[in-house]
Amino acid sequence: MNFLRGVMGGPSAGPQPSGADTIQKLCDRVASSTLLDDRRDAVRALKSLSKKYRLEVGIQAMEHLIHVLQTDRSDSEIIGYALDTLYNVISNDLEEEEQEENSAKQVDDLGSQFTEIFIKQQENVTLLLTLVEEFDFHVRWPGVKLLTSLLKQQGPQVQQIILVSPMGVSRLMDLLADSREVIRNDGVLLLQQLTKSNAAIQKIVAFENAFERLLDIITEEGNSDGGIVVEDCLLLLQNLLKNNNSNQNFFKEGSYIQRMKPWFEVGDDNCGWSAQKVTNLHLMLQLVRVLVSPTNPPGATSSCQKAMFHCGLLQQLCTILMATGVPADILTETINTVSEVIRGCQTNQDYFASVNAPSNPPRPAIVVLLMSMVNERQPFVLRCAVLYCFQCFLYKNQKGQGEIVSTLLPSTIDATGNSVSAGQLLCGGLFSTDSLSNWCAAVALAHALQENGTLKEQLLRVQLATSIGNPPVSLLQQCTNILSQGDKIDRRGSKVQTRVGLLMLLCTWLSNCSIAVTHFLHNPANVPFLTGQIAENLGEEEQLVQGLCALLLGISIYYNDNSLENYRKEKLKQLIEKRIGRENFIEKLGFISKHELYSRAAQKPQPSFSSPDHMMFDHEFTKLVKELEGVISKAIYKSSEEDKKEEEVKKTLEQHDNIVTHYKKVIREQDQELEELKQRISTLTSQNEQLQATVTQQVSQIQQHKDQYNLLKVQLGKDTQHHNSHGDTLQMNGIQTEEVSKLKEELEEWKNKHELLQGQLKEKDSVIEKLNSSQLEMGATEQSLQTSRFGGLEHSNELQKELEMLRSQLQLQAAEISKLQMENQKLQVMNTAADPMLGDSGAPAAMSSELEARLEQEIKELKSQVKALSEEKESLKQQLDSSTSTVAILQDKNSRLEREVAESKKEQDDLLVLLADQDQKISAQKMKLKDFGVAVSQGMDLGSSWV
């Protein structure tokens, strides 16, 4: 046990063994000992020697340590020692005092070699993944550290082994849920190494709920105020999201962007920014930029931009942008972040235009940022960030471009001079003595004109007052004046930089704008200056200026409308042939795209330069050069005949485009009219359905009233038969008193019938009123009109029949009365004849007089009853007339409703005819478009529109 005493520090009597001998003996002990305690002690000793004798332990003990991991898994202590020993052998994270500068490279190679030996058998990595699943702290933590070290040394190989291992990534995701912060934090570091440059593993980790867990950890640690753990989580999030469109979409769809807003709530008290807080916030801003990077697919970037606006993240970033006391690097990164959040998104750009700085008086944020850009005392990176922000604000934003240019126009300039506008700041920077300000202002103004011919023409109206007493000159003329003066003006910085910026502005201004080309050529000094610059043999720095002058002259030829006789296309080409030479001109033009700084600027939109001297090209300008270089080269070699043919073709194409545009406009208008007609038809259809439902309801109600009326009519007939039978039983012959009583009874019956008829008439009047109201509400259909009309006529006919019956009965009664009168007269005659014969006989005379008086009384009563019946007859006639007038009114209403129905049918027929005409017109227009060569889809229906 002497070697153990030497290792453990005990006294020894003999000479000390070397480290290699000790390690060899310990390895033999691990391999041959049967007792677990002896093997554990040997592995512990190897762990203590592994840092000092890393090479020896790695060579001699690695195989034995792997065997221990395989066979002694039941003892967590020896497993922990073995894992720690392997970590010390493989890891390059040695203590500083143990590192030597001359051996740093050797140490890196040593760790990589040992890692390669370890992963040569893939079962070793699988075994390590199994050990990481153990909950025992002494096993799990060393296993996590060892696996992290393996990924650092041989990342792609270890990633591939873990990827093909069953549930390999899922096992490691459980580390984020460990309650022990040490293991959880090291698990984050492990996942950082695991997800580097491997999209497949990144997707698996993201779908294992990594975003939720990492955002929870960041929130628990205090967001930007957290420690190093927040930084590690942010780095892992960047690995998962950067250049991974699938994970970005998953992050957005999972509403995780909304959870980023609290990160930027820095509060009003911005003093006391710790280094860790600055680092955390910097990484948070970079994470936002990853989601809205211009290199992402446009659709994904746009959706993230909209989500950031709706959740208030953009507003929070603008608050930091306008806050005081923010560190310079955080402010710079915030400007870059805001730039990419608003780039190409109209809603976000409009919001940014409305942001004001907290100053007195309040100024727009754009103006405050431009003041920093043209201020040469500001840091270079901050000025570049402001320029990028201004470019992103104007990117695909014609409204913003118009607002910027409008501040330069004479009608909108503030005459009081109380406020500084964006246009005034750009002009001030364009003509300052600082070359960097010149370049930034020229590029910013060029972006205000990008792909906007209207603003290029409006900018020609801008007049500048150069000095007192001199007439104002146009902005275009002033730019060419400064360009021609060149080295005569004393400037701070690179003089080439100013000229490059002005040439880029002029090229952007004149491209695709014939009026601006005419204004440029109208100055007789411009063309000689350009040809002189191109023809000279200058140094390497001036070659870039020569190339841009050649580009400007080529634009003046290509977009020349030949409105100036002395500067027609053909004459300018002849001038190039005589003064420069076509081959020399093309060679100078090619200097631009061959320049190293051109290639750098073409890579990404953000202007990132190591120093101000490298600030030469703008990203959007490189696109313009790429577009125009070829066409200008072809235009130089074209003859006048070819130019004429090309102009004719252009005119034909323009006419064709105008015709197509006209037809598209007509078709859009017709589509709008069709949509309106369809909406109107749908409205009329719904109204028709409502009216039909109302008609159906009214028809059912009328049928119910008919049934009730028929029932009453049957009951009335039964009562009439009963009264007639009762009257027959009471008839007697031969006695006048009995006939008189019979007449009285019949009169009573007729009175009762009259009362019944009056009640029925009242009921029918109420029915007629109900029908009138229902017909007015439902708005007229033919079926209801006919039904109501037939009901009214039927009622009127029945009333007339009943009146005829009453008239016939009255006539019968009048005949009986006249008969009684005749019998009365006969009795009187007989009485007068009997008077002489009777003489003084008083009794018969008294009897005859008494009988005569009784008959006269009865006759009077019958006459009064007849009179009453005649009056009732007149009242029934009046009621019949009123019912007849009601029926006439109903018939009038019915006829009016029938006319309205006919008119509605006629309108529908007119609509159908209009739609048929519309279909014929569209078919004809399609044929015309096909004749012009425009592709028309066969499946396009009437409702589609051209886009």
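The model shown is predicted, which means the values in this text are computed figures rather than measured ones.

> Quick one: what's the story with the overall build of the protein chain, residue by residue and with numbers?
Check the secondary structure of the protein chain and you find 40 helices and four strands. Relative to its full complement of 947 residues, the protein chain shows a buried share of 44%. Taking the intrachain contacts of the protein chain between residues at least 6 apart in sequence as the baseline, contacts between residues at least 24 apart amount to 73%.

> A description of the packing of aromatic side chains should follow, citing residues and the corresponding values.
Counted under the stated rule, the structure contains twelve aromatic pairs. Pairing Phe 309 with Tyr 351 gives two aromatic rings, centres 5.9 Å apart and planes at 65°, and the pair type is edge-to-face. Taken together, the residues Phe 309 in helix α17 (residues 298-310) and Tyr 351 in helix α20 (residues 346-354) connect sequence positions 42 residues apart. Between Phe 617 and Phe 621, the ring centres sit 6.4 Å apart and the planes meet at 15°, which makes this aromatic pair stacked. Accessibility expressed as a relative area gives 1% for Phe 617, which makes it buried. Here Phe 621 falls in the buried class, since its relative accessible area comes to 4%. An aromatic cluster is present here, built from Phe 207, Phe 211, Phe 250, Phe 251 and Tyr 256 joined pairwise through their rings. Cation over ring: Lys 277 sits above Trp 273, and NZ or CZ is 4.7 Å from the ring centre.

> Tell me about the pattern of salt bridges, residues and numbers included.
Using the criterion set out here, one finds 26 salt bridges in the structure. The salt bridge involving Glu 620 is made with Arg 343; its shortest N-O contact spans 4.0 Å. Of this pair, Glu 620 sits in helix α36 (residues 619-637) while Arg 343 sits in the loop between α19 (328-342) and α20; the two residues are 277 residues apart in sequence, bridging distant segments of the chain. We classify Arg 343 as buried; its relative accessible area is 15%. Members of the salt-bridge network, linked through shared partners, are Asp 37, Arg 40, Asp 41, Arg 44, Asp 75 and Glu 77.

> Tell me about the side chain of Lys 252, and name the residues and values.
Inspection of the secondary structure puts Lys 252 in helix α15 (residues 245-253). Residue classification places Lys 252 among the buried positions, given a relative accessible area of 18%. Beyond its immediate chain neighbours, meaning those up to four positions away, Lys 252 contacts Ile 257, Ser 303 and Cys 304.

> A description of a negative patch on the surface should follow, citing residues and the corresponding values.
Negative charge collects at one region of the surface, where Glu 900, Glu 903, Glu 907, Asp 909 and Asp 910 lie side by side. Tracing the chain through its elements places Asp 910 in helix α40 (residues 842-931). Its relative accessible area of 46% is what places Asp 910 among the partly exposed residues.

> Residues and numbers for helix α4 (residues 54-71), please.
Taking 1.5 Å of rise per residue, 18 residues should cover 26 Å, and α4 covers 24 Å from first to last C-alpha, within 8% of that figure. Along its length, α4 shows its largest kink, about 60°, at Ala 61. Within the span of α4, buried status applies to Arg 54, Val 57, Gly 58, Ala 61, Met 62, Leu 65, Ile 66, Val 68 and Leu 69.

> Account for the packing of helix α12 (residues 199-207) against α15, naming residues and giving values.
Two elements in contact, α12 and α15, have axes separated by 9 Å at closest approach and are oriented at 15°. Between α12 and α15, the angle falls in the class roughly parallel. Crossing hand, α12 versus α15: left-handed. Contacts from Gln 202, Lys 203, Ala 206 and Phe 207 in α12 reach Ser 246, Asn 247 and Phe 250 in α15. Split by residue class, the contact of α12 with α15 holds three nonpolar, three polar and one charged.

> Lay out helix α32 (residues 569-579) in plain terms, naming residues and giving numbers.
Since the α-helix turns once every 3.6 residues, residues separated by three or four places project in the same direction. Those residues of α32 that fall on the buried side of the exposure criterion are Lys 569, Leu 572, Lys 573 and Ile 576. Along the axis of α32, the buried positions cluster into a sector of 100°, meaning they face one direction only. At the exit of α32 stands Gly 581, carrying a positive phi of roughly 100°.

> Residue-level account of the packing of α19 against helix α22 (residues 380-394), with values.
A pair of packed helices can be characterised by two numbers: the angle between their axes and the separation between those axes. One way to put it is that α19 packs onto α22 with a least axis distance of 8 Å and a crossing angle of 15°. Looking at the two axes, α19 sits roughly parallel to α22. For the crossing formed where α19 meets α22, the hand is left-handed. The segment α19 lies against α22, with Leu 331, Thr 332, Ile 335, Asn 336, Ser 339, Glu 340 and Ile 342 engaging Val 381, Leu 382, Ala 385, Val 386, Tyr 388, Cys 389, Cys 392 and Phe 393.

> Let's hear about unusual backbone geometry: which residues, and what values?
With the exception of glycine, most residues fall at negative phi, and the peptide bonds are largely trans. A cis amide bond links Asn 360 to the next residue, Pro 361, at an omega of 0°. Residue position: Pro 361 is located in the loop between β1 (356-357) and β2 (363-364). At Asn 223, a residue that is not glycine, the phi angle is positive and equals roughly 55°. Structurally, Asn 223 can be placed in the loop between α13 (210-221) and α14 (228-241). Look at Asn 243: it is not a glycine, yet its phi comes out positive at around 60°. Following the sequence through the fold, Asn 243 ends up in the loop between α14 and α15. Here Asn 243 falls in the exposed class, since its relative accessible area comes to 64%.

> Which residues make up the state of the cysteines, and what are the values?
According to the stated counting rule, one finds zero disulfides in the structure shown. This cysteine, Cys 384, is not joined by any disulfide, and Cys 440 carries the nearest cysteine sulfur, 6.3 Å off. Of the residues examined, Cys 384 reaches a relative accessible area of 6% and is grouped as buried. As a non-bridged cysteine, Cys 392 has Cys 389 as the owner of its nearest cysteine sulfur, 6.9 Å distant. We classify Cys 392 as buried; its relative accessible area is 1%.

> Requested: an account of the side chain of Asn 88, with residues and values cited.
Within the secondary structure layout, Asn 88 lies in helix α5 (residues 76-90). With residues up to four places along the chain from it excluded, the contact list for Asn 88 reads Lys 47, Ser 50, Lys 51 and Arg 54.

> Explain the environment of Leu 285 residue by residue, including any values.
Among the structural elements, Leu 285 can be located in helix α16 (residues 275-291). The exposure class of Leu 285 is buried, given its relative accessible area of 1%. It is 9.3 Å that separates the C-alpha atoms of Leu 285 and Val 338, two residues lying 53 residues apart in sequence. Among residues more than four places away in sequence, those in contact with Leu 285 are Phe 264, Leu 317, Ile 330, Glu 333, Thr 334 and Thr 337.

> Go over the environment of Met 308 with me, naming the residues and quoting the values.
Mapping Met 308 onto the fold places it in helix α17. On the basis of relative accessibility, which here comes to 0%, the residue Met 308 falls in the buried class. Linking Met 308 and Met 260, residues 48 residues apart in sequence, is a C-alpha distance of 9.2 Å. Among all residues touching Met 308, those that are not within four sequence positions of it are Ile 257, Val 288, Leu 291, Val 292, Leu 313, Leu 314, Gln 315 and Val 341.

> Can you lay out the confidence of the model for the protein chain for me, pointing to particular residues and giving the numbers?
The share of residues in the protein chain with pLDDT of 70 or more is 78%, and the mean pLDDT across the chain is 81. Predicted confidence is poor over residues 729-736, with pLDDT under 50, and the contacts of this stretch with residues over four places away or in other chains come to eight contacts. Here residues 939-947 is modelled with pLDDT under 50, and outside its nearest four sequence neighbours on either side it reaches 20 contacts, counting other chains as well.

The rules behind the values
Residues numbered from 1 in each chain as written. Predicted model: local features only at pLDDT ≥ 70, side-chain atom pairs only at ≥ 80, totals over all residues. Heavy atoms only, no water. Helix = DSSP H or I, 4+ residues; strand = E, 2+ residues; numbered from the N terminus. Buried < 20%, exposed > 50% of the residue type's maximum accessible area, 1.4 Å probe, protein only. Contact = heavy atoms within 4.5 Å. Phe/Tyr/Trp six-rings, centres within 6.5 Å; stacked < 30°, edge-to-face > 60°. Lys NZ or Arg CZ within 6 Å of the ring centre and 35° of its normal. Salt bridge = Lys/Arg side-chain N within 4 Å of Asp/Glu carboxyl O. Patch = residues over 30% accessible without salt bridge, like charges linked within 9 Å, V, L, I, M, F, W, Y side chains within 5 Å. Areas by Shrake-Rupley, 256 points an atom, 1.4 Å probe, with all protein chains shown as cover. Lys, Arg positive; Asp, Glu negative; His and termini not counted. Charge placed at Lys NZ, Arg CZ, Asp CG, Glu CD. Expected span 1.5 Å × (residues − 1). Bend = angle between axes of the 7 residues up to and from the residue. Axes fitted to C-alpha atoms, helices over the stretch in contact; angles between N-to-C directions. Parallel < 35°, antiparallel > 145°, perpendicular 65-115°, else oblique. Left-handed = near helix turned anticlockwise from the far one by under 90°. Nonpolar A, V, L, I, M, F, W, Y, C, P; charged D, E, K, R; others polar. Arc of directions from axis to C-beta. Disulfide = S-S within 2.5 Å. pLDDT = per-residue confidence, 0-100.

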